[in-house]
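Remarks on the overall topology
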Amino acid sequence: MAAAELLLGLGLPGQTAFGGREGGRGTGLLPAAACFSPGGEAWKTEASAAEMMEPSSCDTFVALPPATLGNRIIFGKNSDRPSEEVQEIVYFPASHHKPGEKVECTYIEIEQVAETYAVILSRPSWLWGAEMGANEHGVCIGNEAVWGREEIGNDEALLGMDLVRLGLERADSAEKAVSVIADLLEKHGQGGNCMESHMAFTYHNSFLIADRKEAWVLETSEKHWAAENVKEGVRNISNQLSITKVDRGHPELKDYAKNRGWWDGEKEFDFAATYSYVNTARMTAARGRYGEGYKLLKKHEGRISAETMMSILRDKESGINMEGGFMTTGSMVSILPQDPSLPCVHFFTGTPNPDRSVFKPFIFVPNITQLLKTGSPVFGPEDPVKKNPRFQTKPDRRHELYKKHESAAALMDVSKENGNEVLKQIQNLEKEKINEMEHILQSGHFDVDQAVHLFSTCVEEEIREYLPKD
């Protein structure tokens, strides 16, 4: 496939395929990957055109009334990462911090705030931040890699995944999360290797942020940013800038574009078209991940539920459920009732391939303990991420659930009969949990003491389904 065809297939004409440090350009290398300059020309390859790996993509979705059932907002995300990477599910309680305290993110240390909110995160287990997560106030955030006209710097700063966690820990609404992330971006910048490897994989970030009332799309280009408010209907983001109408933005957003010659100052300002190479008139029609995700949302508009969102995340024909060198390593679906008396319910897999995984429910209540069987080993100062040069070795980061799921997936590949039986059992378990959560949302009543162990209990039940039967 020619370079231009490869990029056009993703709806990203002329964009940089991978970020990195090679030659000081906004490009980098991955195994069997071609690298492209911002002009779209292949300038260095590690493989023939037939062996090129397509730029990888995540997808984040939100549906708001009237597109949903039950007066709820439904949030969903697939995290597509290197296939061998372990994604863990971790919980951190709310906390108060002393003046002058610091917080150590993946690569840099920044000032801590006086109070942080309780969060549940799905994250690559080698880093501090998260691909996606939720907080005790019903705020959900997922991020995507994006590339555009602005070259990606070489310096280590905040990862987009760090910004996800910081936004969740510091904001009690979706709009406040926009402000938190934008302020941190302005102060500390974004940058650093986004893969546990000595090969560079860097990018700018976009975010989909939702709460019980609304959603926001926040897209960035270095320190510049634009935000779009979503009040109803459906919205998704993938690996391209997509905001055409800017509701909030960096104060120098337009002037910077004008000074760089990207915008003439006369025609209507279109952020996605200006800061990238995207033809915004054809985004939703293109056969890229963004367009395919949008079509799936529109297909179910008016009747979207948590189960609908799970089915979208499991869709392989569209490429949303990704397989290969980059694959869907973790998935999340959240139910955010607009009625504040009802709890938000957050489902996480913590394992690769949602087709073979269980979406397990979590509800924020007091006294939740750490989720031990979905938490990876901790290596402290000896972690290769903490040493310079970084990533010289790669430890075994598999948690208990991951190991049991890995064995079950191997069984599914080897024995169709036994594999189908395991798959049927975990599908029944998931359906049972969804029904339990629906009963809670319909009745408005749930046992707080049971909710403390809700996620952990479901993990235990899932593990039992993976164990050999007598």
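Just so we're clear, the structure is a prediction, and the values are computed from it rather than from any experiment.

**Observations regarding helix H11 (residues 454-466)**
The first and last C-alpha atoms of H11 sit 19 Å apart over 13 residues, in line with the 18 Å expected at 1.5 Å per residue. Those residues of H11 that sit buried are Leu-454, Phe-455, Cys-458, Val-459, Glu-461, Glu-462, Ile-463, Glu-465 and Tyr-466. Packing partners of the buried residues in H11 comprise strand S5 (87-92), strand S19 (345-348), strand S20 (360-362), helix H8 (400-414), helix H9 (416-443) and helix H10 (448-452).

**A look at the sheet that holds S20**
Taken in spatial order, the six strands make up an open sheet running S16-S3-S4-S18-S19-S20, and their pairing is antiparallel. A strand with exactly one partner marks an edge of an open sheet, and here the two such strands are strand S16 (233-237) and S20. Strand-to-strand twist across the sheet, computed as the mean angle between neighbouring axes with direction ignored, equals 15 degrees. Summarising the sheet, S19 and S20 pair through three bridges and their orientation is antiparallel. Along S20, the bridge assignment pairs His-346 with Phe-362. Along the sheet face, H9 touches strand S4 (72-82), strand S18 (326-337), S19 and S20 and points at about 170 degrees away from the line of S19.

**Comments concerning the sheet that holds strand S15 (residues 224-230)**
The eight strands lie next to each other as S5-S10-S11-S12-S13-S14-S15-S17, forming an open sheet whose pairing is antiparallel. Two strands in the sheet have a free side with no partner beyond their single neighbour: S5 and strand S17 (248-249). Inspection of the sheet shows strand S10 (residues 119-124) paired to strand S11 (residues 132-135) by four bridges, in the antiparallel sense. What sits directly across from Ser-122, in S11, is Met-132. Sheet contacts for helix H2 (residues 160-170): S5, S10, S11, strand S12 (140-146) and strand S13 (204-210); angle to S12, the most-contacted strand, approximately 160 degrees.

**Some words on helix H6 (residues 289-299)**
Of all the positions in H6, only Arg-289, Tyr-290, Gly-291, Glu-292, Gly-293, Leu-296 and Leu-297 are classed as buried. Residues of H6 that are buried in the fold lie against strand S3 (59-64), S4, S16 and helix H7 (306-313).

**Let's talk about a negative patch on the surface**
Taken together, the side chains of Asp-183, Glu-186, Glu-252 and Asp-255 define an acidic patch exposed on the protein surface. For Asp-183, the position within the fold is in helix H3 (residues 174-188).

**Here's the deal with the nonpolar core**
By size, the foremost hydrophobic cluster in this structure holds 79 residues, and its most contacted members are Ile-120, Phe-271, Tyr-275, Val-333 and Phe-347. Per-element accounting of this core gives the leading share, eight residues, to H9. If sequence neighbours within four positions are ignored, Ile-120 has contacts with Ile-89, Val-90, Tyr-91, Met-132, Gly-133, Ala-134, Phe-348, Phe-362, Phe-364 and Leu-371. Ile-108, Leu-158, Phe-201 and Ala-227 belong to the second-largest nonpolar core, a separate cluster that totals 47 residues.

Definitions and cut-offs
Residues numbered from 1 in each chain as written. Predicted model: local features only at pLDDT ≥ 70, side-chain atom pairs only at ≥ 80, totals over all residues. Heavy atoms only, no water. Helix = DSSP H or I, 4+ residues; strand = E, 2+ residues; numbered from the N terminus. Expected span 1.5 Å × (residues − 1). Buried < 20%, exposed > 50% of the residue type's maximum accessible area, 1.4 Å probe, protein only. Contact = heavy atoms within 4.5 Å. Pairing = 2+ DSSP bridges. Axes fitted to C-alpha atoms, helices over the stretch in contact; angles between N-to-C directions. Patch = residues over 30% accessible without salt bridge, like charges linked within 9 Å, V, L, I, M, F, W, Y side chains within 5 Å. Areas by Shrake-Rupley, 256 points an atom, 1.4 Å probe, with all protein chains shown as cover. Salt bridge = Lys/Arg side-chain N within 4 Å of Asp/Glu carboxyl O. Lys, Arg positive; Asp, Glu negative; His and termini not counted. Charge placed at Lys NZ, Arg CZ, Asp CG, Glu CD. Core = buried A, V, L, I, M, F, W, Y, C linked by side-chain atoms within 4.5 Å.

What is shown is where atoms sit, not what they do.
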